[in-house]
Structure formats: C-alpha cells, structure tokens
Amino acid sequence: MKISKMVKCIIFDCDGVLVDTEKIGNGILLEMASEHGFDMEIEDAYRNFNGRNLKDCFRHIEEAIDQKLPDSFETEYRQKSFEAFKTQVKPMDGVVDFIEKLKIPYCVASSGPVEKIRLNLEVAGLLDKFENKIFSSYQINSWKPEPGIFLHAAKEMGFDVKDCIVLEDSKAGVKAGIQGGFKVYGFANGFNNQDLEKEGAVLFHSYEELSELLKF
C-alpha cells in the first residue's frame, strides 16, 4: 500500500475508531445514571462523553442532577461495561483490511486504562496488531482534550508531530490532536460530524474513504 510521503506514522484512537464500543459504553452509562435522575439521549452522549476521561463524564452527570453519584458508581460501571465488552465488541467496519495493508508504523493512543484498551482490542481480534504499541492517558496522567497522550505516542514511536496523523471520533480527541500540532482525521458517525469539523478535523466516513484521502 502506497501512502502519502508526508505521513510516516498513524496514531489511532481506540473506541469508535478501532473498535465499536461507544454505543455499548454510553448505553450502560445512561442506564445507570437514569437511576439517579439523569436524562440524556444517546446522540448527546456521543457528543458530550466520547473521548473524555470517565471522571469528567461523571462530573457532567453530577452537575446536571445537582448531587454526587454513589462512591460505588465507577466500580459498578466498569464491571458492567467490561462484561458487555467481553462479548459485544467488534472491530470497526473496514479497519482490519486497512491495517493489514499499512506499510508504515502505527499505534493506538486512548484516554482509557490499558486493561480496557487491551480487552477491547482482544475481543475485536486486533490485539496482536498493537502489541507494544498501546499508549494510555493513565500512563502519563494526561487526558484529552489535553494533547499529552498523542505527543507521548509520537515520541515513543520515534516520530515528529509533523510526520504523524491522528484518527479520532470525539470532539475532545480532535481538540487534543489539533492542540498538539497534528493533522487530525475525524471518523464521522452521524452524531459527531459538525463537532469534529468545527474543531478542525478532516472528516472521513469509512476506511475506504480514508484510504482515498491519504492517497494510498
């Protein structure tokens, strides 16, 4: 696969870019939060929660209901979502073929914990493609929309920012990439199109389209 000479490394976000988890995770979060008086449509959850540190999502919910969530809320959410991910996670359409044809280095950089990233990649059949190329915000204590995780990934992969592109599906992720000086391609899913474009991402709707944009 020939690729634009300007691109020497691809940094993938995980959820919603490599693996189809956003509907699962958001669905469980909204269901649990509704028990405490929180009401939000799934479309708005995509806009407000995707790509964010989980504690930021909880803070958003607490501000909306004007009370603290139970201390057990995070543990319960992680347990429920992990169980769902073990059986329901699938790779995004077209991503396996896209990765298998790549002739340049690539990695994954996510706000999620390493164990969550590994679980989702394993269930989706992608873990073997990302061994030793997994970078988590929890490793550096910097979460999107801060650019730290992408800067860390580029450095660890041995590339300058100008030589890398970031693939994202969240507003927070695009902000992080742009702030870090990266060119960002935004995976449009029907809910996030305007938000990603507004933040400066080049939109793509499928991996086939991305291949064309990158002049493979």
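Everything here concerns the structure above.
Our subject in this report is the structure included herewith. (Residues numbered from 1 in each chain as written. Predicted model: local features only at pLDDT ≥ 70, side-chain atom pairs only at ≥ 80, totals over all residues. Heavy atoms only, no water.)

### Points about the side chain of glutamate 168
Following the sequence through the fold, glutamate 168 ends up in strand β4 (residues 164-168). A polar side-chain atom of glutamate 168 sits 3.2 Å from a polar atom in the side chain of serine 170. In this structure, glutamate 168 is in contact with Asp13, Val17, Lys144, Phe150, Gly173, Val174, Val184, Tyr185, Gly186, Phe187 and Leu196, ignoring residues within four places of it in sequence. (Helix = DSSP H or I, 4+ residues; strand = E, 2+ residues; numbered from the N terminus. Polar contact = N/O pair within 3.5 Å; in protein donor to acceptor, adjacent residues only side chain to side chain. Contact = heavy atoms within 4.5 Å.)

### Structural notes on the packing of aromatic side chains
Applying the stated criterion across every chain, the model contains 13 aromatic pairs. Measuring from centroid to centroid gives 5.2 Å for phenylalanine 58 and phenylalanine 73, while their planes differ by 90°, and the two rings are edge-to-face. With phenylalanine 58 in helix α3 (residues 54-65) and phenylalanine 73 in helix α4 (residues 73-88), this residue pair connects regions lying 15 residues apart in the sequence. What links up through ring pairs into an aromatic cluster is the set Phe12, Phe98, Tyr106, Phe130, Phe187, Phe204 and Tyr207. The ring of tyrosine 106 is capped by lysine 133, whose NZ or CZ atom sits 3.7 Å from the centre of that ring. (Phe/Tyr/Trp six-rings, centres within 6.5 Å; stacked < 30°, edge-to-face > 60°. Lys NZ or Arg CZ within 6 Å of the ring centre and 35° of its normal.)

### Focus: the nonpolar core
Within the largest apolar cluster, 52 residues are counted, with the highest numbers of intra-cluster contacts made by Ile10, Phe12, Leu18, Leu121, Phe130, Leu167 and Tyr207. Per-element accounting of this core gives the leading share, six residues, to helix α1 (residues 22-34). Those residues within four positions of tyrosine 207 in sequence are excluded, and the remaining contacts are Phe12, Val17, Leu18, Met92, Asp93, Gly94, Val95, Phe98, Leu167 and Phe187. Cys9, Cys164, Val174 and Leu203 belong to the second largest nonpolar core, which has 19 residues in total. (Core = buried A, V, L, I, M, F, W, Y, C linked by side-chain atoms within 4.5 Å. Buried < 20%, exposed > 50% of the residue type's maximum accessible area, 1.4 Å probe, protein only.)

### Comments concerning the sheet that holds strand β3 (residues 134-136)
Ordered by their spatial adjacency, six strands build an open sheet running β3-β2-β1-β4-β5-β6, and the pairing between neighbours is parallel. On the outer flanks of this sheet lie β3 and β6 (202-204), each paired with one strand and no other. Each adjacent strand pair in this sheet contributes to an overall mean axis angle of 25°, direction not counted. The pairing of strand β1 (residues 9-12) with β4 spans four bridges and is classified as parallel. Bridge pairing in β4 links isoleucine 10 to isoleucine 165. Packed on one face of the sheet, helix α6 (residues 114-123) meets β2 (106-110) and β3 and runs near 140° to β3. Across the face of the sheet, helix α9 (residues 148-157) comes into contact with β1, β2, β3 and β4 while running at roughly 155° to β2. (Pairing = 2+ DSSP bridges. Axes fitted to C-alpha atoms, helices over the stretch in contact; angles between N-to-C directions.)

### Here we look at the environment of phenylalanine 38
For phenylalanine 38, the position within the fold is in the loop between α1 and α2 (42-49). Phenylalanine 38 sits in the buried class, given a relative accessible area of 7%. When the C-alpha atoms of phenylalanine 38 and asparagine 120 are compared, they prove to be 27 Å apart, with 82 residues separating the residues in sequence. For phenylalanine 38, the residues in contact, after removing those within four places along its chain, are Leu30, Ala33, Phe49, His60, Ile61, Ala64 and Ile65.

### Quick notes on the pattern of salt bridges
For the coordinates displayed, the defined rule picks out 14 salt bridges. Between aspartate 13 and lysine 144 there is a salt bridge whose closest N-O contact spans 2.9 Å. On the criterion of sequence distance, the pair formed by aspartate 13 in the loop between β1 and α1 and lysine 144 in the loop between α8 (137-140) and α9 is long-range, its members being 131 residues apart. We classify aspartate 13 as buried; its relative accessible area is 5%. The exposure class of lysine 144 is buried, given its relative accessible area of 1%. Lysine 68 serves as the salt-bridge partner of glutamate 62, at 3.8 Å between the closest nitrogen and oxygen. The class for glutamate 62 is buried, based on a relative accessible area of 17%. Accessibility expressed as a relative area gives 68% for lysine 68, which makes it exposed. Here the salt bridges share partners, and the residues they tie into one network are Asp13, Lys144 and Glu168. (Salt bridge = Lys/Arg side-chain N within 4 Å of Asp/Glu carboxyl O.)

### Let's talk about a negative patch on the surface
Together, Asp20, Asp93, Glu208 and Glu212 make up a negatively charged patch on the protein surface. Its location among the elements puts aspartate 20 in the loop between β1 and α1. (Patch = residues over 30% accessible without salt bridge, like charges linked within 9 Å, V, L, I, M, F, W, Y side chains within 5 Å. Areas by Shrake-Rupley, 256 points an atom, 1.4 Å probe, with all protein chains shown as cover. Lys, Arg positive; Asp, Glu negative; His and termini not counted. Charge placed at Lys NZ, Arg CZ, Asp CG, Glu CD.)

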